[in-house]
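One letter stands for each residue in the lines below.
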Amino acid sequence: MRLLVVEDEVDLASAVARGLRREGYAVDVANDGHEALDRLAVTAYDLVCLDLNLPDVDGLEICRRLRTDPSYAPDPGDAAPRVLVLTARDGIEHRVAGLDEGADDYLVKPFAFAELAARVRTLLRRDAGRTGAELRVGDLRLDTARFEASRADRSLDLTAKEFALLRYFMSHAGQVLSQEHLLEHVWDEHADPFTNTVRVTVGTLRRKLSEGGEPPIIETVVGRGYRLLEEPVG
Ligand code: CA
């Protein structure tokens, strides 16, 4: 899952980004409104943490453009990003306005990081049309709150990136996902698009998913990408 943190308080922005990266998300940061709009125009984010009080462009304006301006329309196959608005305690009318402009949820500053992380998980789950902290596909189980994954009751020992990749596959089970799409949604801006990092990580994830002798569950669709099978073949 690829997230954008829009926040002009630099320390707060990097603390939030750091925390979200520890949760296994790919996170970019924009410290003002123009940078946010530039990033939103080129990258298909899954979720945006949006501070309303920015020095240049009002956060509400960003929210409105995201929902109405065709230059921010998602590519076919991508959902529009979820928007979690961050607002000061005295901005009650702004909160209501934010929801009117298409925000999905809001959080009042100051907030505990655990609260932000919980809201983010909920919003991303809503995208996947699931409830509870657990994702299930076939014999795969993934607990997004506890960072535990298992296949056929065999616990999987995954790196943070493998966990994030599996979570993304499970949220899009049955869909063909190209390497470019995975790079955009599971890695952040520091990933080099010319390396084979996606192929290598898919490879190690596949190996770990079948270490107990289980049948392959991530198939290669030649020329198009990868697909997590909703029911394993075998
Ligand atoms: Ca601010």
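Refer to the structure presented above.
As the structure is a computational prediction, the values presented were derived from the model and not from experiment.

A. Spatial organisation of the nonpolar core. In this structure, Leu20, Leu116, Val120, Leu166 and Phe169 are the most contacted members of the largest nonpolar core, which totals 50 residues. Two domains each donate at least three residues to this core, and these are domain 1 (2-127) and domain 2 (134-228). Those residues in contact with Leu166, other than ones at most four positions away along the chain, are Leu140, Leu142, Ala149, Leu156, Leu158, Leu205 and Leu209. Of all hydrophobic cores here, the second largest spans 20 residues; its members include Leu60, Cys63, Val83 and Val85.

B. Local environment of the sheet that holds strand β5 (residues 105-109). Read from one edge to the other, the open sheet built from five strands follows the order β2-β1-β3-β4-β5, with strand pairing classed as parallel. Two strands lie at the open edges of the sheet, namely β2 (26-30) and β5, each paired on one side alone. Looking at each pair of strands side by side, their axes are set apart by 20° on average, direction ignored. Looking at chain direction, strand β1 (residues 2-6) and β2 are connected through five bridges and run parallel. Note on β2: the bridge partner recorded for Leu3 is Val27.

C. Representation of the coordination of the calcium ion in the model. Within the first shell, the calcium ion binds the protein through Asp8 (OD), Asp51 (OD) and Asn53 (O), at distances of 2.1 to 2.4 Å. Between the donor residues of the calcium ion, the gaps in sequence give the motif D-x42-D-x1-N. What makes Asp51 buried here is its relative accessible area of 3%.

D. Representation of the packing of aromatic side chains. In the structure shown here, the tally under the stated rule is one aromatic pair. Plain terms: the ring middles of Phe147 and Phe163 are 5.4 Å apart, the flat faces sit at 50° to each other, and that makes the pair tilted. Remark: Phe163 occurs in helix α6 (residues 160-171) and Phe147 occurs in the loop between β7 (140-143) and β8 (148-151); sequence separation between them is 16 residues. What makes Phe163 buried here is its relative accessible area of 6%.

E. Up close: unusual backbone geometry. Of the consecutive residues Lys109 and Pro110, the connecting peptide bond is found in the cis state with omega at -5°. Inspection of the secondary structure puts Pro110 in the loop between β5 and α5 (113-128). A positive phi is found at Phe147, a non-glycine position, where the angle reads about 60°. Exposure remark for Phe147: the relative accessible area of 33% places this residue in the partly exposed category. Even without glycine at this site, Asp153 takes up a positive phi of about 70°. Relative to the assigned elements, Asp153 resides in the loop between β8 and β9 (154-155). On the basis of relative accessible area, Asp153 is assigned to the exposed category, the value being 76%.

Rules of the game
- Residues numbered from 1 in each chain as written.
- Predicted model: local features only at pLDDT ≥ 70, side-chain atom pairs only at ≥ 80, totals over all residues.
- Heavy atoms only, no water.
- Core = buried A, V, L, I, M, F, W, Y, C linked by side-chain atoms within 4.5 Å.
- Buried < 20%, exposed > 50% of the residue type's maximum accessible area, 1.4 Å probe, protein only.
- Domains from an automatic or database assignment.
- Contact = heavy atoms within 4.5 Å.
- Pairing = 2+ DSSP bridges.
- Helix = DSSP H or I, 4+ residues; strand = E, 2+ residues; numbered from the N terminus.
- Axes fitted to C-alpha atoms, helices over the stretch in contact; angles between N-to-C directions.
- Donors = N, O, S within 2.8 Å, 3.2 Å for Na, K, Ca; no water.
- Phe/Tyr/Trp six-rings, centres within 6.5 Å; stacked < 30°, edge-to-face > 60°.

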